[in-house]
Amino acid sequence: MHTAHEMSEWSAFSLHESILDAVAANVAILNDRGEIIAVNDAWVQFAEFHQLAVDNYGLSLNYVSFCESLDAADAVDAKQGLQDLLAGEPGPVRFEYQIFLGNDPLWTRMTATRIFRDDRTAILLTHEDITLQRRTQAALGRATAALLHAEDDERRRIARELHDGTAQYLTGAKLMLGAMKTEGRAEKIRLEVEALLANALDEIRSLSYVLHPPALEEMGLGPAIRQMAEGFARRTGLAVQIDIADDFPKMTRPIEVALYRVAQEALANVHRHAGSPRATIGLRQAGEMVLLSIRDYGVGLPESAQAIAGVGLAGMRLRLEFVNGHISLTNVVPGLLVEAWAPFQPKPAA
Ligand SMILES: Nc1ncnc2c1ncn2[C@@H]1O[C@H](COP(=O)(O)OP(=O)(O)OP(=O)(O)O)[C@@H](O)[C@H]1O
Ligand SMILES: [Mg+2]
């Protein structure tokens, strides 16, 4: 602890000094006039690292006047808060603000607490670096916004499909039934109506299946992935090899939903981007985790991160993070290996 001369009067602080030095935050002690009478090691290192333009790490500087000299709204608030404390307000007071020292602005949380000793007032002032916290918050906000956008897009797509596809078939069928009255060619029209209604039914079925896979709840993840992958293979012509044990245990719903969606998106990506005639999809327990892997034999992920700008991979990552899992993407030449890990949580027996 670095102290100004006056600090010797505060001898009872000697134990506290070493405690304060062990603290990661920048700590200063102000006397009842607002002058800095001691700073901890972190404060000194911060001043040295950023080459702050203050003498002796700011010792003896009047911090209240210093705040006043800064031409910023939050410095005015901070000054007022400190003065209130010195005037007897119970506190503590807290402020979060940005400081500009290098290229990247830092976010700081200042906390000022009043302490009493032998009728004397002092202020314990701490500055914590909360830059990482702020950045993470901002990133989370952006990810949430992107997710909401994706949800909107999805709804728009569903609406368009219902409007342009299903509704057209139904309208056609209605018109035909109307024509039936006048034309008297009942049998031919009946066949056409039947075909239109069958198309509409097909579309509604596959749409509702994509929105909510019924198999997942009934039979659990293993068989549901198998069914989905077989359907996908039929529709796209992709040869999918499925390595999933028949008796793979059912797991809790959030884990199953997350892994199912990952499998769906990974297969869609193989079809859209990989240029691979085949893929392998596997599900197995690995210690305390469950591992879902999807491998293709195509071109692999592009080199540049900018080229990987879709919502699909980001969505996989988020879904897994929500269930305390994670994802790894590895180019294995030829192709891409997607490995989705999640905690293995068997479904409790009902
Ligand atoms: N299996 C793969 N093989 C090769 N490249 C892939 C594969 N999977 C993903 N990519 C690359 O990564 C990019 C991002 O994939 P992502 O799923 O996030 O977005 P997308 O599929 O382009 O769009 P969407 O948001 O509809 O999923 C793709 O555009 C593609 O370039
Ligand atoms: Mg995708």
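Cut-off values and rules
- Residues numbered from 1 in each chain as written.
- Chains lettered and ligands numbered in written order.
- Predicted model: local features only at pLDDT ≥ 70, side-chain atom pairs only at ≥ 80, totals over all residues.
- Heavy atoms only, no water.
- Domains from an automatic or database assignment.
- Contact = heavy atoms within 4.5 Å.
- Buried area = accessible area lost by both parts, 1.4 Å probe.
- Polar contact = N/O pair within 3.5 Å; in protein donor to acceptor, adjacent residues only side chain to side chain.
- Nonpolar A, V, L, I, M, F, W, Y, C, P; charged D, E, K, R; others polar.
- Donors = N, O, S within 2.8 Å, 3.2 Å for Na, K, Ca; no water.
- Helix = DSSP H or I, 4+ residues; strand = E, 2+ residues; numbered from the N terminus.
- Buried < 20%, exposed > 50% of the residue type's maximum accessible area, 1.4 Å probe, protein only.
- Phe/Tyr/Trp six-rings, centres within 6.5 Å; stacked < 30°, edge-to-face > 60°.
- Lys NZ or Arg CZ within 6 Å of the ring centre and 35° of its normal.
- Pairing = 2+ DSSP bridges.
- Salt bridge = Lys/Arg side-chain N within 4 Å of Asp/Glu carboxyl O.
- Right-handed = clockwise from strand over helix to strand, strands pointing away.

When its domains are assigned, the chain resolves into domain 1 (2-129), domain 2 (140-211) and domain 3 (213-350). Listed as interface residues are 6 residues of domain 2 and, on the opposing side, 9 residues of domain 3. Together, the buried faces of domain 2 and domain 3 total about 620 Å²; carbon and sulfur atoms form 62% of this surface. Summed over the shared surface of domain 2 and domain 3, the number is 0 residue pairs in polar contact (both at pLDDT 80 or more). Among the residues forming the side of domain 2 that touches domain 3, the class breakdown is 6 nonpolar, no polar and no charged.

Turning our attention to the coordination of the magnesium ion (ligand 2). Every protein donor of the magnesium ion (ligand 2) is listed here as Glu-265 (OE) and Asn-269 (OD1), and their distances to the metal cover 2.0 to 2.1 Å. Remark: Asn-269 and Glu-265 occur in helix H9 (residues 253-274); sequence separation between them is 4 residues, near one turn of the helix. On the accessibility criterion, Glu-265 (23% relative accessible area) is partly exposed. On the accessibility criterion, Asn-269 (16% relative accessible area) is buried.

Glancing now at the side chain of Thr-111. Following the sequence through the fold, Thr-111 ends up in strand E5 (residues 106-117). Thr-111 sits in the buried class, given a relative accessible area of 10%. What Thr-111 contacts, discounting residues up to four positions off in sequence, is Pro-92, Val-93, Arg-94, Leu-124, Leu-125, Thr-126 and Glu-128.

In this section: the packing of aromatic side chains. The tally for this structure, following the rule as stated, stands at 1 aromatic pair. Plain terms: the ring middles of Tyr-63 and Phe-66 are 5.7 Å apart, the flat faces sit at 45 degrees to each other, and that makes the pair tilted. Highlighted residues: Tyr-63 and Phe-66, both in helix H3 (residues 63-69), separated by 3 residues, approximately one helical turn. Taking the relative accessible area as the measure of exposure, Phe-66 reaches 29% and is therefore partly exposed. We note Arg-134 situated over the ring of Trp-107; from NZ or CZ to the ring centre the distance is 3.8 Å. Its end group placed over the ring of Tyr-297, Arg-278 keeps NZ or CZ at 3.9 Å from the ring centre.

With 5 of 5 residues buried, strand E2 (residues 26-30) lies mostly within the body of the structure. Direction of pairing for E2 relative to strand E6 (residues 120-129): antiparallel, over a ladder of 5 bridges. By the bridge assignment for E6, Leu-30 is matched with Ile-123. Relative to strand E3 (residues 36-39), E2 runs antiparallel, the two being bridged by 3 bridges. Looking at E3, one finds that Ala-28 is bridged to Val-39. Between E2 and the antiparallel strand that follows it, E3, lie 5 residues; Gly-34 among them carries a positive phi value of about 90 degrees.

Of note, Asp-296 is situated in strand E9 (residues 289-296). At a separation of 2.9 Å, a polar atom in the side chain of Asp-296 contacts the main-chain amide nitrogen of Gly-298.

Right, let's get into the pattern of salt bridges. Within this structure, the stated rule accounts for 9 salt bridges. In this structure, the salt-bridge partner of Arg-33 is Glu-35, at a minimum N-O distance of 3.1 Å. Given the relative accessible area of 48%, Arg-33 is considered partly exposed. Residue Glu-35 is classed as partly exposed on the basis of its relative accessible area, which comes to 23%. Counted as one network, the salt bridges with shared partners bring together Glu-96, Arg-109, Glu-128 and Arg-134.

Let us look at the pairing of strand E8 (residues 278-286). Relative to E8, strand E7 (residues 239-244) is paired through 6 bridges, and the arrangement is parallel. Residue Asp-243 lies in a different strand from E8, and its bridge partner there is Gly-282. At this point the chain moves from E7, through H9, to the parallel E8, and the crossover so formed is left-handed. Here E8 hands over to E9 after 2 residues, with Gly-287 in that stretch at a positive phi of 65 degrees.

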